[in-house]
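What the coordinates show
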Amino acid sequence: MANLASTRPASSLPAAGAVLQLLKPVTWFPPMWAFACGAVSSGVAITGHWGLVLAGVALSGPLVCGTSQAVNDWFDRHVDAINEPNRPIPSGRIPGRWGLYIAIIWTAVSLAVALALGPVVFWAACFGMAMAWGYSAPPLRFKANGWWGNAAVGLCYEGLPWFTGAAVLLAAVPGWPILVLALLYSLGAHGIMTLNDFKAIEGDTRMGVRSLPVQLGVHGAARVAAAVMALPQVVVIALLFSWGRPFHAAAVLALLLVQLVMMRRFLGDPVQRALWYSGFGVPLFVSGMMISAFALRGLA
């Protein structure tokens, strides 16, 4: 299917609603939540720092994540024409090259806000922007391979915002316990990203995108996704016990046990149940993130 945006005059402007859909507000929650986890894990009282926190939440969600969505939709417009033809760009509601222009403008705004929050946050945002463009844009196009692409998204959705949330309040690079847990939950998010790939197998296969379901088959990818989500949480639980946080560790363990029961059902029919698991299993994963963040208070 051709990109219908090419049939519109280049001078026509996109509607505000189409721009908002392009930025995909529904995807902003994971990095905003991770930023909140980072802020909590810093051990710094949020009272008196609400301006920094709100600016950081906006940076993680509407700005950096919104930019990544615009970049992805622009460079994926031909795949979306197969998988999701009603998206703003293939449907023509974002005409001409406006998808690319919005991605560039949002990148600049994101970096300006990050710079105002300090040098550590700025360089973290630069890394995030590089990953966002590298994920979708050639010649890197990490998303062409599910191993690299999902790792990049997991890092930028969970680890980087967690790091940023702690760095904003500490005004410094966070300590190693924060860095380790942020990295572990980033690894777990690799599996969460695989859940999104089950709905796009046809388009990915036709367009040469080697997602894990394309590479490993439906059931192989599902088993890998489940293992990648579960194993980092096992390490988190062990670390929390070793750091003298047994009640937090027990709470994360309880959440993991429920996830394992749900994973068994997911593995029975991954294509039909990936969305179900995203809706009911992933919230347990991210709840464990916040519990772990509270455990880190005093250790940072």
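This structure is a prediction, so every number in the text was calculated from the model and none was measured.

Time to look at the packing of helix α3 (residues 50–75) against helix α6 (residues 119–136). α6 packs onto α3 with a crossing angle of 20° between their chain directions and a minimal axis gap of 8 Å. When the axes of α3 and α6 are compared, the pair comes out roughly parallel. Read as a crossing pair, α3 and α6 show a hand that is right-handed. In this structure, α3 contributes Leu-59, Val-64, Thr-67, Ser-68, Val-71, Asn-72 and Phe-75 to the contact, and α6 contributes Val-121, Met-129, Ala-132, Trp-133, Tyr-135 and Ser-136. Considered class by class, the residues forming the contact of α3 with α6 number nine nonpolar, four polar and no charged.

Let us look at the confidence of the model for the protein chain. Looking at the protein chain, pLDDT values average 91 and 96% of them are 70 or higher. Ranking the helices and strands of the protein chain by mean pLDDT puts helix α12 (residues 246–268) first, with 97, and helix α9 (residues 201–207) last, with 80. In this model residues 1–11 is a low-confidence stretch, pLDDT under 50, and it forms 19 contacts with partners more than four residues away in sequence or in other chains.

It is worth spelling out the side chain of Asp-204 at this point. The residue Asp-204 is located in helix α9 in this model. Buried within the structure, Asp-204 lacks any salt-bridge partner; its nearest side chain of opposite charge belongs to Lys-143, at an N-O separation of 6.0 Å.

Here we come to the pattern of salt bridges. Going through the model one piece at a time under the given rule, you end up with four salt bridges. In this structure, Arg-87 and Asp-73 form a salt bridge, with 2.5 Å as the shortest nitrogen-oxygen distance. Taken together, the residues span a long stretch of sequence, with Arg-87 in the loop between α4 (77–83) and α5 (98–116) and Asp-73 in helix α3 at a distance of 14 residues. Note on Arg-87: relative accessible area 8%, which makes it buried. Judged by its relative accessible area of 1%, Asp-73 is buried. For the salt bridge of Arg-141 with Asp-76, the shortest nitrogen-to-oxygen distance reads 2.6 Å. Of this pair, Arg-141 sits in the loop between α6 and α7 (146–170) while Asp-76 is found in the loop between α3 and α4, placing the two residues 65 residues apart along the sequence. Here the residues in one salt-bridge network are Lys-24, Asp-73 and Arg-87, joined through shared partners.

Moving on to the packing of aromatic side chains. A complete count under the given rule lists 11 aromatic pairs for this structure. Each ring, one from Trp-176 and one from Trp-243, has its centre 5.7 Å from the other, and the planes form 80°; the classification is edge-to-face. With Trp-176 in helix α8 (residues 176–197) and Trp-243 in the loop between α11 (218–242) and α12, the pair connects residues that are 67 residues apart, well separated along the chain. With a relative accessible area of 54%, Trp-176 lands in the exposed category. On the numbers, 6.3 Å between centres and 65° between planes, the contact of Trp-276 with Tyr-277 is edge-to-face. An aromatic cluster is present here, built from Phe-198, Phe-266, Trp-276, Tyr-277 and Phe-280 joined pairwise through their rings. The side chain of Arg-77 reaches across the aromatic face of Trp-74, ending 3.9 Å from its centre. Looking at Arg-265, its charged tip hangs above the ring of Trp-276, at a distance of 4.6 Å from the centre.

For the rest of this paragraph, the subject is a nonpolar patch on the surface. Nonpolar side chains collect at one region of the surface, where Tyr-101, Ile-105 and Val-109 lie side by side and expose about 250 Å² of accessible area between them. Inspection of the secondary structure puts Val-109 in helix α5. Classification of Val-109 by relative accessible area gives partly exposed; the value is 33%.

Cut-offs used in this document
Along every chain, residues carry numbers that run from 1 in the direction the sequence is written. The model is predicted, so local features are restricted to residues of pLDDT at least 70 and side-chain atom pairs to those at 80 or more, both for listing and for counting; the totals for chains, interfaces and linings are taken over all residues. Only hydrogens and water are removed before side-chain values are computed, so all heavy atoms of the structure are retained for them. Helix axes use the C-alpha atoms of the stretch in contact, all axes being lines fitted to C-alpha atoms, and the angles between their N-to-C directions lie in the range 0 to 180 degrees. Strands here are runs of E lasting at least two residues and helices are runs of H or I lasting at least four, both read from the DSSP assignment and numbered beginning at the N terminus. Reported orientations rely on four angle classes, namely roughly parallel under 35 degrees, roughly antiparallel over 145, roughly perpendicular from 65 to 115, and oblique for the rest. By the definition used in this description, the sense in which the near helix is turned from the far one sets the handedness, with an anticlockwise turn below a right angle giving left-handed and a clockwise turn giving right-handed. Residues count as neighbours in contact if any of their non-hydrogen atoms are within 4.5 Å of one another. Each residue is assigned to one class: nonpolar for Ala, Val, Leu, Ile, Met, Phe, Trp, Tyr, Cys and Pro, charged for Asp, Glu, Lys and Arg, and polar for all the others, Gly among them. Every residue is assigned a pLDDT by the predictor, reflecting its confidence on a scale from 0 to 100. The rule is simple: take the accessible area with a 1.4 Å probe, protein chains only, and divide by the maximum for that residue type; under 20% is buried, over 50% is exposed, in between is partly exposed. In this tally Asp and Glu are treated as negative and Lys and Arg as positive; neither His nor the chain ends contributes. Salt bridge criterion: a side-chain nitrogen from Lys or Arg within 4 Å of a carboxyl oxygen from Asp or Glu. Pairing of aromatic side chains here covers Phe, Tyr and the six-membered ring of Trp, requires ring centres within 6.5 Å, and sorts the geometry by plane angle: under 30 degrees stacked, over 60 edge-to-face, intermediate tilted. Only when the NZ of Lys or the CZ of Arg is both within 6 Å of the ring centre and within 35 degrees of the ring normal is a charge said to sit over the ring. Each patch groups residues whose relative accessible area exceeds 30% and which form no salt bridge, using 9 Å between like charges and 5 Å between nonpolar side chains of Val, Leu, Ile, Met, Phe, Trp and Tyr. Residue exposure ignores everything except the shown protein chains as possible cover, and the areas themselves are Shrake-Rupley values with a 1.4 Å probe.

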